[in-house]
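# Observations on the three-dimensional arrangement
Listed here are the chains, written in short residue letters.
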Amino acid sequence: MKKLIYTIILVFTVGLFATPTFAASNADKKELTTEQQVQLQQIRQRVEEIRQMDKSELNRTEKKELKKELRSMEKQARAITGGGVYLSAGAIIIIILVLILIL
């Protein structure tokens with residue numbers, strides 16, 4: 001029983017520390033065109049404008065609109081830069097279960 005618990009702890013630990021390592025690798029970065037760089041710069045400028053805004057004077061709907069705008073800009077930036085490979089929680093659970101069954 002101890003061996004099983006140690007194995008599960010090992011799998012979780014490796015899973016937690018391996019994901020940021022793969023995401024931080026610079027080996028597969030692609031070069032951006034000038035058009036993409038300009039678009040990214042515009043997104044950055046708009047985000048800075050939103051950060052510097054006085055949000056205390058905004059009503060609830062305006063704040064929601066700002067959040068939606070920020071999310072859409074984040075999706076655009078990820079699409080331009082190539083994003084990354086992310087695993088859902090369900091996929092991680094399935095992988096862990098398969099590893100438990102194999103071991």
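Residues numbered from 1 in each chain as written. Predicted model: local features only at pLDDT ≥ 70, side-chain atom pairs only at ≥ 80, totals over all residues. Heavy atoms only, no water.

## Considering the overall build of the protein chain
Assigned secondary structure in the protein chain consists of four helices and zero strands. Scanning the protein chain from its N terminus toward the C terminus, one meets helices and strands in the order α-α-α-α. In the protein chain, the share of contacts with a sequence separation of at least 24, taken over all contacts with a separation of at least 6, comes to 65%. On the protein chain, roughly 9200 Å² of surface is accessible, and the fraction owed to carbon and sulfur atoms is 61%. (Helix = DSSP H or I, 4+ residues; strand = E, 2+ residues; numbered from the N terminus. Contact = heavy atoms within 4.5 Å. Areas by Shrake-Rupley, 256 points an atom, 1.4 Å probe, with all protein chains shown as cover.)

## A word on the pattern of salt bridges
In the structure shown here, the tally under the stated rule is four salt bridges. A salt bridge links R46 to E49, with the nearest nitrogen and oxygen atoms 3.2 Å apart. With R46 and E49 both in helix α2 (residues 34-52) and three residues apart, the pair spans about one turn of that helix. On the accessibility criterion, R46 (27% relative accessible area) is partly exposed. Given a relative accessible area of 45%, E49 falls into the partly exposed group. (Salt bridge = Lys/Arg side-chain N within 4 Å of Asp/Glu carboxyl O. Buried < 20%, exposed > 50% of the residue type's maximum accessible area, 1.4 Å probe, protein only.)

## Regarding helix α3 (residues 60-81)
For α3, which comprises 22 residues, the first-to-last C-alpha distance of 32 Å matches the rise-based estimate of 32 Å (1.5 Å per residue) to within 8%. Residues L66, M73, A77 and I80 constitute the buried set of α3. In an axial view of α3, the angular spread of the buried residues amounts to 60°, which keeps them on one side of the axis. Facing away from the buried side of α3 by over 90 degrees, the exposed positions are R60, K67, K68, R71, K75 and A79. The secondary structure elements touched by the buried residues of α3 are α2. Positive backbone phi, at 105°, marks G82, one or two positions downstream of α3. (Expected span 1.5 Å × (residues − 1). Arc of directions from axis to C-beta.)

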